[in-house]
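Secondary and tertiary structure notes
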Amino acid sequence: MSRPNILQIVADDLGFGDIGCFNFGMTETPGLDSLYRDGIELSQHYSASPVCAPARAALLTGRYSHRTGAIDTLDGRGLDRIATEEDTLADCLGASGYATGLIGKWHSGALAEEYHPTSRGFSEFVGFQGGWMDYWDWTIQKNGTTARADGRYLTDVWTDEAVDFLQAHSDEPFYLHLAYNAPHAPFQAPEGSEQKHLDRGNNPAVAVLYAMVEAMDAGIVRVLAELDRLGLRDNTLVMFTSDNGPQMRGHGPQATDRFNCGFRGSKGHTYEGGIRVPGIIRWPDGFEGGRRVDEMVHFTDWYPTILAATEASTVNASLFRDGENMLPVLRGDAGSVPEQRFWQWNRYRPLGVCNAAMRDGHWKLVLPEIASAMHVTPDDLEMDRALRYEPERFSHILTDALPPVPRVLPGEVRPELYNLAVDPLELNDLAEQEPQRVLAMRAQLEAWFNEVNRPEVEAIFMTT
(Lines give C-alpha, C1' and ligand atoms only; values in the text may rest on other atoms or scores of the structure.)
Protein backbone atom coordinates (compact mmCIF):
# COMPACT_ATOMS: atom_id res chain seq x y z
CA MET A 1 0.00 0.00 0.00
CA SER A 2 1.38 3.41 -0.96
CA ARG A 3 1.56 6.24 1.50
CA PRO A 4 -1.83 7.91 1.91
CA ASN A 5 -2.79 11.40 0.88
CA ILE A 6 -3.99 13.54 3.77
CA LEU A 7 -7.06 15.77 3.58
CA GLN A 8 -7.59 17.56 6.89
CA ILE A 9 -10.83 19.54 6.96
CA VAL A 10 -11.31 21.93 9.87
CA ALA A 11 -14.51 23.90 10.45
CA ASP A 12 -14.64 26.99 12.66
CA ASP A 13 -16.89 27.15 15.75
CA LEU A 14 -18.96 24.15 14.67
CA GLY A 15 -20.75 21.99 17.24
CA PHE A 16 -22.16 18.47 17.15
CA GLY A 17 -25.61 20.02 17.03
CA ASP A 18 -24.87 21.76 13.73
CA ILE A 19 -24.53 18.45 11.87
CA GLY A 20 -27.64 16.84 10.44
CA CYS A 21 -27.04 13.33 11.76
CA PHE A 22 -26.91 14.73 15.31
CA ASN A 23 -29.63 17.40 15.19
CA PHE A 24 -32.65 15.43 13.92
CA GLY A 25 -32.42 17.06 10.49
CA MET A 26 -32.39 20.71 11.59
CA THR A 27 -29.61 21.11 9.05
CA GLU A 28 -29.07 19.20 5.81
CA THR A 29 -25.46 18.01 5.76
CA PRO A 30 -25.21 15.00 3.42
CA GLY A 31 -21.44 15.37 3.11
CA LEU A 32 -20.70 15.16 6.81
CA ASP A 33 -23.43 12.60 7.32
CA SER A 34 -21.78 10.36 4.73
CA LEU A 35 -18.40 10.70 6.41
CA TYR A 36 -19.95 9.63 9.69
CA ARG A 37 -21.61 6.70 7.95
CA ASP A 38 -18.56 5.54 6.00
CA GLY A 39 -15.74 6.49 8.33
CA ILE A 40 -14.89 6.21 12.01
CA GLU A 41 -16.83 8.35 14.46
CA LEU A 42 -14.75 9.57 17.39
CA SER A 43 -17.22 9.95 20.23
CA GLN A 44 -14.69 11.46 22.65
CA HIS A 45 -12.71 13.74 20.37
CA TYR A 46 -11.23 16.79 22.05
CA SER A 47 -9.81 20.03 20.81
CA ALA A 48 -6.77 21.28 22.67
CA SER A 49 -8.42 24.59 23.49
CA PRO A 50 -11.87 26.18 23.58
CA VAL A 51 -10.68 28.88 21.15
CA CYS A 52 -9.17 28.96 17.71
CA ALA A 53 -5.46 29.81 17.54
CA PRO A 54 -4.31 27.67 20.49
CA ALA A 55 -6.36 24.75 19.20
CA ARG A 56 -4.89 24.98 15.71
CA ALA A 57 -1.35 25.22 17.08
CA ALA A 58 -1.79 21.93 18.94
CA LEU A 59 -3.36 20.25 15.91
CA LEU A 60 -0.40 21.22 13.72
CA THR A 61 2.41 20.49 16.20
CA GLY A 62 1.26 17.64 18.44
CA ARG A 63 2.05 19.79 21.47
CA TYR A 64 -0.06 21.62 23.99
CA SER A 65 -0.54 25.17 22.76
CA HIS A 66 1.15 26.60 25.86
CA ARG A 67 4.40 25.01 24.67
CA THR A 68 4.09 26.57 21.21
CA GLY A 69 3.51 30.19 22.24
CA ALA A 70 0.02 30.32 20.70
CA ILE A 71 -1.84 31.14 23.90
CA ASP A 72 -4.65 33.44 22.72
CA THR A 73 -6.51 34.57 19.61
CA LEU A 74 -5.25 38.17 19.62
CA ASP A 75 -3.18 38.21 16.45
CA GLY A 76 -2.58 41.96 16.77
CA ARG A 77 -0.58 41.11 19.89
CA GLY A 78 1.16 38.13 18.28
CA LEU A 79 -0.43 35.83 20.83
CA ASP A 80 -1.64 33.50 18.06
CA ARG A 81 1.88 32.74 16.82
CA ILE A 82 3.42 29.29 16.71
CA ALA A 83 7.02 29.90 17.77
CA THR A 84 9.52 29.60 14.94
CA GLU A 85 11.45 26.70 16.52
CA GLU A 86 8.30 24.56 16.40
CA ASP A 87 7.73 22.30 13.44
CA THR A 88 4.34 21.56 11.89
CA LEU A 89 2.73 18.65 10.12
CA ALA A 90 3.36 20.55 6.90
CA ASP A 91 7.08 20.82 7.68
CA CYS A 92 7.33 17.09 8.25
CA LEU A 93 5.20 15.97 5.32
CA GLY A 94 6.83 18.45 2.96
CA ALA A 95 10.26 17.12 3.93
CA SER A 96 8.95 13.62 3.24
CA GLY A 97 7.97 14.41 -0.34
CA TYR A 98 4.36 15.52 0.06
CA ALA A 99 2.86 18.49 -1.76
CA THR A 100 1.53 20.70 1.03
CA GLY A 101 -1.26 23.23 0.81
CA LEU A 102 -3.31 25.32 3.20
CA ILE A 103 -6.61 26.73 1.97
CA GLY A 104 -8.72 28.99 4.15
CA LYS A 105 -8.02 30.23 7.65
CA TRP A 106 -4.52 30.22 9.17
CA HIS A 107 -4.63 32.16 12.48
CA SER A 108 -1.26 30.87 13.61
CA GLY A 109 0.65 34.08 12.99
CA ALA A 110 -1.01 36.97 11.20
CA LEU A 111 1.88 39.41 11.00
CA ALA A 112 5.58 38.97 10.00
CA GLU A 113 6.84 36.72 7.23
CA GLU A 114 8.44 34.14 9.52
CA TYR A 115 4.95 33.21 10.74
CA HIS A 116 3.40 32.99 7.29
CA PRO A 117 2.08 29.54 6.26
CA THR A 118 4.70 29.26 3.53
CA SER A 119 7.35 29.72 6.23
CA ARG A 120 5.76 26.92 8.26
CA GLY A 121 5.88 24.08 5.77
CA PHE A 122 3.05 24.86 3.36
CA SER A 123 4.27 25.21 -0.22
CA GLU A 124 0.91 26.69 -1.28
CA PHE A 125 -1.39 29.06 0.60
CA VAL A 126 -4.72 30.50 -0.45
CA GLY A 127 -6.46 32.19 2.45
CA PHE A 128 -6.19 34.75 5.19
CA GLN A 129 -3.82 34.81 8.14
CA GLY A 130 -6.00 36.23 10.90
CA GLY A 131 -8.98 35.10 12.90
CA TRP A 132 -11.91 35.92 10.63
CA MET A 133 -12.90 37.42 7.31
CA ASP A 134 -16.00 38.86 5.65
CA TYR A 135 -17.68 36.27 3.41
CA TRP A 136 -18.56 38.75 0.65
CA ASP A 137 -16.16 41.69 1.03
CA TRP A 138 -13.05 39.55 1.33
CA THR A 139 -9.34 40.09 0.77
CA ILE A 140 -7.19 36.98 0.68
CA GLN A 141 -3.73 35.87 -0.32
CA LYS A 142 -3.19 33.47 -3.18
CA ASN A 143 0.33 32.11 -3.49
CA GLY A 144 2.05 35.45 -3.11
CA THR A 145 -0.59 37.68 -4.67
CA THR A 146 -3.61 39.50 -3.23
CA ALA A 147 -7.09 38.52 -4.38
CA ARG A 148 -10.19 40.57 -3.63
CA ALA A 149 -13.89 39.85 -3.61
CA ASP A 150 -15.14 38.79 -7.04
CA GLY A 151 -18.80 38.07 -6.25
CA ARG A 152 -18.26 34.57 -4.94
CA TYR A 153 -19.16 33.53 -1.42
CA LEU A 154 -15.92 32.91 0.50
CA THR A 155 -16.81 29.34 1.48
CA ASP A 156 -17.21 28.56 -2.22
CA VAL A 157 -13.81 30.10 -2.93
CA TRP A 158 -12.17 27.63 -0.54
CA THR A 159 -13.99 24.73 -2.19
CA ASP A 160 -12.98 25.87 -5.68
CA GLU A 161 -9.36 26.16 -4.59
CA ALA A 162 -9.43 22.76 -2.88
CA VAL A 163 -10.71 21.09 -6.05
CA ASP A 164 -7.96 22.82 -8.04
CA PHE A 165 -5.33 21.63 -5.54
CA LEU A 166 -6.51 18.03 -5.79
CA GLN A 167 -6.40 18.15 -9.58
CA ALA A 168 -2.93 19.69 -9.59
CA HIS A 169 -1.46 17.10 -7.22
CA SER A 170 -3.41 13.95 -8.06
CA ASP A 171 -0.27 12.15 -9.26
CA GLU A 172 1.79 12.70 -6.07
CA PRO A 173 1.19 12.35 -2.34
CA PHE A 174 -0.36 15.49 -0.88
CA TYR A 175 -1.33 17.07 2.42
CA LEU A 176 -4.20 19.53 2.08
CA HIS A 177 -5.28 21.42 5.18
CA LEU A 178 -8.70 22.79 4.22
CA ALA A 179 -9.69 25.27 6.91
CA TYR A 180 -13.20 26.56 6.30
CA ASN A 181 -13.99 29.64 8.40
CA ALA A 182 -17.68 28.71 8.56
CA PRO A 183 -19.71 29.05 10.66
CA HIS A 184 -17.56 31.67 12.44
CA ALA A 185 -18.86 35.24 12.49
CA PRO A 186 -19.69 37.44 10.64
CA PHE A 187 -22.94 35.60 10.09
CA GLN A 188 -23.44 35.80 6.32
CA ALA A 189 -24.93 33.16 4.05
CA PRO A 190 -25.75 32.85 0.35
CA GLU A 191 -28.80 34.98 -0.40
CA GLY A 192 -32.09 33.35 0.57
CA SER A 193 -30.50 30.17 1.93
CA GLU A 194 -31.51 31.01 5.50
CA GLN A 195 -35.22 31.30 4.72
CA LYS A 196 -36.11 27.65 5.31
CA HIS A 197 -34.47 27.87 8.74
CA LEU A 198 -36.42 31.01 9.56
CA ASP A 199 -39.59 29.22 8.48
CA ARG A 200 -38.79 26.52 11.01
CA GLY A 201 -38.81 29.09 13.80
CA ASN A 202 -35.08 29.58 14.30
CA ASN A 203 -33.64 32.82 15.58
CA PRO A 204 -32.36 34.98 12.64
CA ALA A 205 -28.69 34.57 13.55
CA VAL A 206 -29.11 30.80 13.98
CA ALA A 207 -30.98 30.56 10.68
CA VAL A 208 -28.07 32.25 8.88
CA LEU A 209 -25.54 30.15 10.76
CA TYR A 210 -27.30 26.92 9.76
CA ALA A 211 -27.27 28.09 6.14
CA MET A 212 -23.53 28.74 6.46
CA VAL A 213 -23.03 25.17 7.68
CA GLU A 214 -25.00 23.83 4.74
CA ALA A 215 -22.93 25.87 2.28
CA MET A 216 -19.77 24.43 3.80
CA ASP A 217 -21.20 20.92 3.65
CA ALA A 218 -22.03 21.41 -0.03
CA GLY A 219 -18.37 22.28 -0.53
CA ILE A 220 -17.28 19.14 1.31
CA VAL A 221 -19.54 17.10 -0.98
CA ARG A 222 -17.75 18.63 -3.98
CA VAL A 223 -14.29 17.96 -2.56
CA LEU A 224 -15.10 14.35 -1.70
CA ALA A 225 -16.63 13.84 -5.13
CA GLU A 226 -13.42 15.13 -6.71
CA LEU A 227 -11.41 12.58 -4.72
CA ASP A 228 -13.71 9.91 -6.15
CA ARG A 229 -13.43 11.24 -9.70
CA LEU A 230 -9.64 11.26 -9.48
CA GLY A 231 -9.55 7.73 -8.11
CA LEU A 232 -8.06 8.91 -4.81
CA ARG A 233 -10.79 7.95 -2.38
CA ASP A 234 -9.38 4.69 -1.04
CA ASN A 235 -5.89 5.92 -0.27
CA THR A 236 -6.77 9.36 1.07
CA LEU A 237 -7.01 9.77 4.82
CA VAL A 238 -9.83 12.26 5.29
CA MET A 239 -10.17 13.87 8.70
CA PHE A 240 -12.94 16.29 9.70
CA THR A 241 -13.23 18.30 12.89
CA SER A 242 -13.92 21.75 14.31
CA ASP A 243 -11.34 23.91 16.03
CA ASN A 244 -13.53 24.31 19.14
CA GLY A 245 -17.14 24.18 20.24
CA PRO A 246 -19.92 26.40 18.90
CA GLN A 247 -20.09 30.10 19.65
CA MET A 248 -23.23 30.83 21.65
CA ARG A 249 -23.69 34.44 22.58
CA GLY A 250 -25.46 37.64 21.59
CA HIS A 251 -28.89 39.00 22.33
CA GLY A 252 -32.20 39.23 20.52
CA PRO A 253 -32.04 38.46 16.78
CA GLN A 254 -28.25 38.10 16.97
CA ALA A 255 -28.27 35.40 19.67
CA THR A 256 -26.60 32.19 18.50
CA ASP A 257 -27.73 29.89 21.34
CA ARG A 258 -28.75 26.60 19.75
CA PHE A 259 -28.87 22.84 20.13
CA ASN A 260 -25.56 21.11 20.87
CA CYS A 261 -26.62 17.68 22.07
CA GLY A 262 -26.95 18.93 25.63
CA PHE A 263 -23.26 19.55 26.23
CA ARG A 264 -22.59 22.20 28.84
CA GLY A 265 -20.81 25.39 27.80
CA SER A 266 -19.67 26.55 24.39
CA LYS A 267 -16.74 28.21 22.66
CA GLY A 268 -14.40 29.78 25.19
CA HIS A 269 -15.26 27.38 28.02
CA THR A 270 -13.45 24.26 29.18
CA TYR A 271 -16.74 22.48 29.79
CA GLU A 272 -17.50 19.75 27.25
CA GLY A 273 -19.41 22.13 24.98
CA GLY A 274 -16.26 24.17 24.41
CA ILE A 275 -13.70 21.40 23.91
CA ARG A 276 -15.45 18.17 22.84
CA VAL A 277 -15.74 18.50 19.06
CA PRO A 278 -16.87 16.39 16.10
CA GLY A 279 -14.26 13.96 14.89
CA ILE A 280 -14.50 11.78 11.78
CA ILE A 281 -11.74 9.91 10.00
CA ARG A 282 -12.05 7.92 6.77
CA TRP A 283 -9.31 5.93 5.08
CA PRO A 284 -10.66 2.88 3.22
CA ASP A 285 -7.20 1.43 2.55
CA GLY A 286 -6.13 1.97 6.15
CA PHE A 287 -8.95 0.73 8.32
CA GLU A 288 -12.52 -0.47 8.33
CA GLY A 289 -15.15 2.27 8.40
CA GLY A 290 -18.70 2.37 9.66
CA ARG A 291 -17.54 2.19 13.28
CA ARG A 292 -17.39 4.27 16.43
CA VAL A 293 -14.30 4.64 18.59
CA ASP A 294 -15.03 5.62 22.18
CA GLU A 295 -11.47 6.09 23.42
CA MET A 296 -10.44 9.65 24.16
CA VAL A 297 -8.63 11.26 21.19
CA HIS A 298 -7.03 14.70 21.46
CA PHE A 299 -5.87 17.26 18.89
CA THR A 300 -2.23 16.63 19.86
CA ASP A 301 -2.65 13.02 18.75
CA TRP A 302 -3.04 13.88 15.07
CA TYR A 303 0.59 14.92 14.52
CA PRO A 304 2.06 11.53 15.57
CA THR A 305 -0.86 9.61 14.05
CA ILE A 306 -0.54 11.22 10.62
CA LEU A 307 3.24 10.89 10.65
CA ALA A 308 2.86 7.19 11.45
CA ALA A 309 0.31 6.72 8.65
CA THR A 310 2.55 8.45 6.10
CA GLU A 311 5.84 7.00 7.39
CA ALA A 312 7.15 10.54 7.69
CA SER A 313 9.60 11.73 10.32
CA THR A 314 9.48 14.68 12.66
CA VAL A 315 11.65 17.61 11.61
CA ASN A 316 12.60 18.70 15.12
CA ALA A 317 13.15 15.53 17.12
CA SER A 318 14.26 17.52 20.17
CA LEU A 319 10.71 18.69 20.85
CA PHE A 320 8.56 16.60 23.19
CA ARG A 321 5.19 15.59 21.71
CA ASP A 322 2.18 15.45 23.98
CA GLY A 323 0.12 13.37 21.57
CA GLU A 324 0.07 9.63 20.92
CA ASN A 325 -0.08 7.63 17.69
CA MET A 326 -3.72 6.52 17.53
CA LEU A 327 -3.43 4.24 14.49
CA PRO A 328 -3.67 1.06 16.60
CA VAL A 329 -6.83 2.35 18.27
CA LEU A 330 -8.33 3.38 14.93
CA ARG A 331 -7.56 -0.08 13.54
CA GLY A 332 -9.31 -1.74 16.45
CA ASP A 333 -6.16 -3.13 18.04
CA ALA A 334 -5.62 -3.13 21.76
CA GLY A 335 -3.48 -0.23 22.78
CA SER A 336 -2.88 2.15 25.62
CA VAL A 337 -4.58 5.55 25.48
CA PRO A 338 -3.47 8.42 27.70
CA GLU A 339 -5.71 8.74 30.72
CA GLN A 340 -4.86 12.37 31.45
CA ARG A 341 -5.50 15.40 29.27
CA PHE A 342 -5.38 19.10 30.17
CA TRP A 343 -6.90 22.39 29.03
CA GLN A 344 -6.54 26.04 30.03
CA TRP A 345 -7.28 29.35 28.34
CA ASN A 346 -7.80 32.97 29.22
CA ARG A 347 -6.83 36.35 27.78
CA TYR A 348 -3.31 37.78 27.35
CA ARG A 349 -1.31 35.53 29.71
CA PRO A 350 -2.09 32.08 31.08
CA LEU A 351 -3.70 32.13 34.54
CA GLY A 352 -3.75 28.53 35.65
CA VAL A 353 -6.73 28.71 37.98
CA CYS A 354 -8.97 30.31 35.35
CA ASN A 355 -10.95 28.33 32.78
CA ALA A 356 -8.88 25.18 33.21
CA ALA A 357 -9.74 21.49 33.18
CA MET A 358 -8.19 18.07 33.27
CA ARG A 359 -9.40 14.55 32.62
CA ASP A 360 -8.12 11.54 34.49
CA GLY A 361 -9.96 8.63 32.97
CA HIS A 362 -13.66 9.37 33.21
CA TRP A 363 -13.14 11.97 35.96
CA LYS A 364 -13.00 15.61 34.93
CA LEU A 365 -11.92 18.57 37.06
CA VAL A 366 -13.02 22.04 35.99
CA LEU A 367 -11.78 25.39 37.30
CA PRO A 368 -14.39 27.79 35.88
CA GLU A 369 -13.50 31.08 34.24
CA ILE A 370 -12.78 34.19 36.29
CA ALA A 371 -14.43 37.22 34.75
CA SER A 372 -11.52 39.61 35.33
CA ALA A 373 -9.18 37.37 33.31
CA MET A 374 -11.46 37.16 30.27
CA HIS A 375 -11.70 40.84 29.26
CA VAL A 376 -10.10 42.33 26.13
CA THR A 377 -9.23 46.03 25.91
CA PRO A 378 -11.09 48.25 23.43
CA ASP A 379 -7.82 48.99 21.59
CA ASP A 380 -7.16 45.31 21.02
CA LEU A 381 -10.72 44.72 19.86
CA GLU A 382 -10.37 47.59 17.39
CA MET A 383 -7.12 46.21 15.99
CA ASP A 384 -8.80 42.81 15.63
CA ARG A 385 -11.49 44.45 13.48
CA ALA A 386 -9.05 46.56 11.49
CA LEU A 387 -6.82 43.60 10.63
CA ARG A 388 -9.75 42.07 8.72
CA TYR A 389 -10.83 45.11 6.73
CA GLU A 390 -7.64 47.18 6.50
CA PRO A 391 -4.78 44.68 6.77
CA GLU A 392 -2.45 46.90 4.80
CA ARG A 393 -2.34 49.30 7.77
CA PHE A 394 -0.34 46.83 9.84
CA SER A 395 3.02 45.13 9.52
CA HIS A 396 3.93 44.65 13.19
CA ILE A 397 2.20 43.49 16.32
CA LEU A 398 1.39 45.83 19.20
CA THR A 399 4.23 45.81 21.71
CA ASP A 400 2.93 48.10 24.45
CA ALA A 401 2.38 46.63 27.90
CA LEU A 402 -0.30 44.02 28.39
CA PRO A 403 -3.19 44.87 30.72
CA PRO A 404 -2.42 44.29 34.42
CA VAL A 405 -2.56 40.79 35.85
CA PRO A 406 -6.08 40.26 37.17
CA ARG A 407 -6.39 39.84 40.92
CA VAL A 408 -7.99 36.60 42.01
CA LEU A 409 -9.83 36.90 45.29
CA PRO A 410 -9.77 34.17 47.95
CA GLY A 411 -12.68 31.85 47.38
CA GLU A 412 -13.03 32.88 43.72
CA VAL A 413 -11.52 29.58 42.54
CA ARG A 414 -14.16 26.91 43.07
CA PRO A 415 -13.24 23.54 41.55
CA GLU A 416 -15.94 21.36 40.05
CA LEU A 417 -15.72 17.59 39.55
CA TYR A 418 -17.68 15.42 37.12
CA ASN A 419 -17.85 11.72 36.38
CA LEU A 420 -18.25 11.74 32.60
CA ALA A 421 -18.92 8.03 32.45
CA VAL A 422 -22.35 8.62 33.95
CA ASP A 423 -22.66 12.40 33.55
CA PRO A 424 -21.29 13.47 30.13
CA LEU A 425 -23.40 16.64 30.23
CA GLU A 426 -21.70 17.83 33.46
CA LEU A 427 -24.89 18.29 35.42
CA ASN A 428 -23.83 16.83 38.78
CA ASP A 429 -20.86 18.46 40.52
CA LEU A 430 -19.22 15.91 42.83
CA ALA A 431 -16.47 18.15 44.25
CA GLU A 432 -17.88 18.19 47.78
CA GLN A 433 -18.32 14.43 47.77
CA GLU A 434 -14.78 13.71 46.47
CA PRO A 435 -12.49 16.28 48.15
CA GLN A 436 -9.36 14.12 48.02
CA ARG A 437 -9.80 13.46 44.31
CA VAL A 438 -10.22 17.19 43.73
CA LEU A 439 -7.01 17.94 45.65
CA ALA A 440 -5.04 15.29 43.75
CA MET A 441 -6.31 16.36 40.33
CA ARG A 442 -5.75 20.02 41.08
CA ALA A 443 -2.15 19.27 42.04
CA GLN A 444 -1.69 17.41 38.74
CA LEU A 445 -3.23 20.31 36.82
CA GLU A 446 -0.87 22.76 38.52
CA ALA A 447 2.15 20.57 37.79
CA TRP A 448 1.15 20.34 34.12
CA PHE A 449 0.59 24.09 33.89
CA ASN A 450 3.97 24.93 35.39
CA GLU A 451 5.70 22.46 33.06
CA VAL A 452 4.16 23.40 29.69
CA ASN A 453 4.40 27.19 29.70
CA ARG A 454 7.25 28.74 27.78
CA PRO A 455 9.90 30.55 29.88
CA GLU A 456 9.25 33.91 28.23
CA VAL A 457 5.49 33.76 28.90
CA GLU A 458 4.25 35.40 32.07
CA ALA A 459 2.22 32.41 33.23
CA ILE A 460 0.68 32.46 36.69
CA PHE A 461 -1.04 29.62 38.48
CA MET A 462 -2.39 31.60 41.41
CA THR A 463 -2.41 35.26 42.36
CA THR A 464 -4.26 36.80 45.30
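Relevant structure appears above.
Residues numbered from 1 in each chain as written. Predicted model: local features only at pLDDT ≥ 70, side-chain atom pairs only at ≥ 80, totals over all residues. Heavy atoms only, no water.

**Regarding the overall build of the protein chain**
- On a plain count of helices and strands, the protein chain comes out with 12 helices and 14 strands.
- Against the 2.2 N^0.38 benchmark of 23 Å for 464 residues, the protein chain shows a C-alpha radius of gyration of 21 Å, consistent with a compact globule.
- With the principal axes as the frame, the protein chain shows a C-alpha extent of 60 × 55 × 50 Å.
- Looking at the protein chain as a whole, 61% of its 464 residues are labelled buried.
- Pairs at least 24 residues apart make up 71% of the contacts formed inside the protein chain by residues separated by at least 6 positions.
- As displayed, the protein chain offers around 17400 Å² of accessible surface, 50% of which is attributable to carbon and sulfur atoms.
- Measuring between centres, the 40 positive side-chain charges of the protein chain sit 2 Å from its 67 negative side-chain charges. (Helix = DSSP H or I, 4+ residues; strand = E, 2+ residues; numbered from the N terminus. Rg over C-alpha atoms; globule rule 2.2 N^0.38 Å. Buried < 20%, exposed > 50% of the residue type's maximum accessible area, 1.4 Å probe, protein only. Contact = heavy atoms within 4.5 Å. Areas by Shrake-Rupley, 256 points an atom, 1.4 Å probe, with all protein chains shown as cover. Lys, Arg positive; Asp, Glu negative; His and termini not counted. Charge placed at Lys NZ, Arg CZ, Asp CG, Glu CD.)

**As for the sheet that holds strand 13 (residues 363–367)**
- Reading across from one edge, 11-12-13-14 is the order of the four strands in this open sheet, with antiparallel pairing throughout. The sheet is open, and its two edges are formed by strand 11 (340–344) and strand 14 (416–419), each paired on a single side. Averaged over all pairs of adjacent strands, the angle between their axes in this sheet comes to 15°, without regard to strand direction. (Pairing = 2+ DSSP bridges. Axes fitted to C-alpha atoms, helices over the stretch in contact; angles between N-to-C directions.)

**Examining helix 5 (residues 154–168)**
- The end-to-end C-alpha distance of helix 5, which contains 15 residues, comes to 21 Å, matching closely the 21 Å that a straight helix rising 1.5 Å per residue would cover.
- Here helix 5 has its buried residues at Leu154, Thr155, Val157, Trp158, Thr159, Glu161, Ala162, Val163, Phe165 and Leu166. (Expected span 1.5 Å × (residues − 1).)

**What about the pattern of salt bridges?**
- Summed over all chains, the structure comprises 34 salt bridges.
- Asp18 is paired through a salt bridge with Arg258; the nearest N and O atoms lie 2.8 Å apart. Within this pair, whereas Asp18 is found in the loop between strand 1 (5–11) and helix 1 (30–38), its partner Arg258 is found in the loop between strand 8 (236–242) and helix 8 (272–275), the two being separated by 240 residues in sequence.
- Of the residues examined, Arg258 reaches a relative accessible area of 12% and is grouped as buried.
- Asp160 is paired through a salt bridge with Arg222; the nearest N and O atoms lie 2.8 Å apart. Placement of the pair is Asp160 in helix 5 and Arg222 in helix 7 (residues 204–229), with a sequence separation of 62 residues.
- On the accessibility criterion, Arg222 (39% relative accessible area) is partly exposed.
- What emerges from the salt-bridge pattern is a single network uniting Arg63, Glu85, Glu86, Arg454 and Glu456. (Salt bridge = Lys/Arg side-chain N within 4 Å of Asp/Glu carboxyl O.)

**What to know about the nonpolar core**
- With 49 residues, the main nonpolar core has Leu154, Trp158, Leu176, Leu178 and Phe240 as its most contacted residues.
- For this core, the element with the highest residue contribution is helix 7, accounting for 13 residues.
- Not counting residues within four places of it along the chain, the set of residues in contact with Leu178 comprises Leu7, Gln8, Ile9, Val10, Ile103, Trp158, Ala162 and Val223.
- Counting 42 residues, the second largest nonpolar core, distinct from the first, contains Ile40, Val277, Phe299 and Tyr303. (Core = buried A, V, L, I, M, F, W, Y, C linked by side-chain atoms within 4.5 Å.)

**Topic: the packing of helix 5 against helix 7**
- Their axes nearest at 9 Å, the elements helix 5 and helix 7 cross at an angle of 10°. As summarised for this structure, helix 5 and helix 7 are arranged roughly parallel, according to the angle between their axes. In this structure, helix 5 contributes Thr155, Thr159, Asp160, Ala162, Val163, Leu166 and Gln167 to the contact, and helix 7 contributes Ala215, Met216, Gly219, Arg222, Val223, Glu226, Leu227 and Arg229.
- Residues of the contact of helix 5 with helix 7, tallied by class, amount to seven nonpolar, four polar and four charged. (Parallel < 35°, antiparallel > 145°, perpendicular 65-115°, else oblique. Nonpolar A, V, L, I, M, F, W, Y, C, P; charged D, E, K, R; others polar.)

**Observations regarding the packing of aromatic side chains**
- Under the criterion given, the structure shown has 15 aromatic pairs.
- Summarising the aromatic geometry, the rings of Phe16 and Phe22 are spaced 5.5 Å apart at their centres and angled 85° between planes, so their arrangement reads as edge-to-face.
- With a centroid separation of 5.5 Å and an interplanar angle of 20°, the aromatic rings of Tyr135 and Tyr153 are classed as stacked. Of this pair, Tyr135 sits in the loop between strand 4 (124–128) and strand 5 (139–142) while Tyr153 sits in the loop between strand 6 (145–148) and helix 5, and the two are 18 residues apart along the sequence. Here Tyr135 matches Tyr153 in class, with each residue buried. (Phe/Tyr/Trp six-rings, centres within 6.5 Å; stacked < 30°, edge-to-face > 60°.)

**Let's talk about the packing of helix 1 against helix 7**
- In contact at an axis separation of 7 Å, helix 1 and helix 7 are set at 55° when each is read in the N-to-C sense. Here helix 1 lies oblique to helix 7, going by the angle between them. When helix 1 is examined against helix 7, the residues Pro30, Gly31, Leu32, Ser34 and Leu35 are found in contact with a partner set consisting of Asp217, Ile220, Val221 and Leu224.
- The class makeup of the residues in the contact of helix 1 with helix 7 is six nonpolar, two polar and one charged.

**Considering the environment of Asp429**
- Within the fold, Asp429 resides in the loop between strand 14 and helix 12 (435–452).
- Exposure remark for Asp429: the relative accessible area of 35% places this residue in the partly exposed category.
- Taking the C-alpha atoms as reference points, Asp429 and Leu209, separated by 220 residues in sequence, lie 32 Å from one another.
- Discounting chain neighbours no more than four positions away, the residues touching Asp429 are Pro415, Glu416, Leu417 and Tyr418.
- Among the polar contacts made by the side chain of Asp429, one reaches the main-chain amide nitrogen of Leu417 at a distance of 2.9 Å.
- A distance of 2.9 Å separates the side chain of Asp429 from the backbone nitrogen of Ala431, its partner in a polar contact. (Polar contact = N/O pair within 3.5 Å; in protein donor to acceptor, adjacent residues only side chain to side chain.)

None of the figures reported here should be taken as evidence of function without further support.
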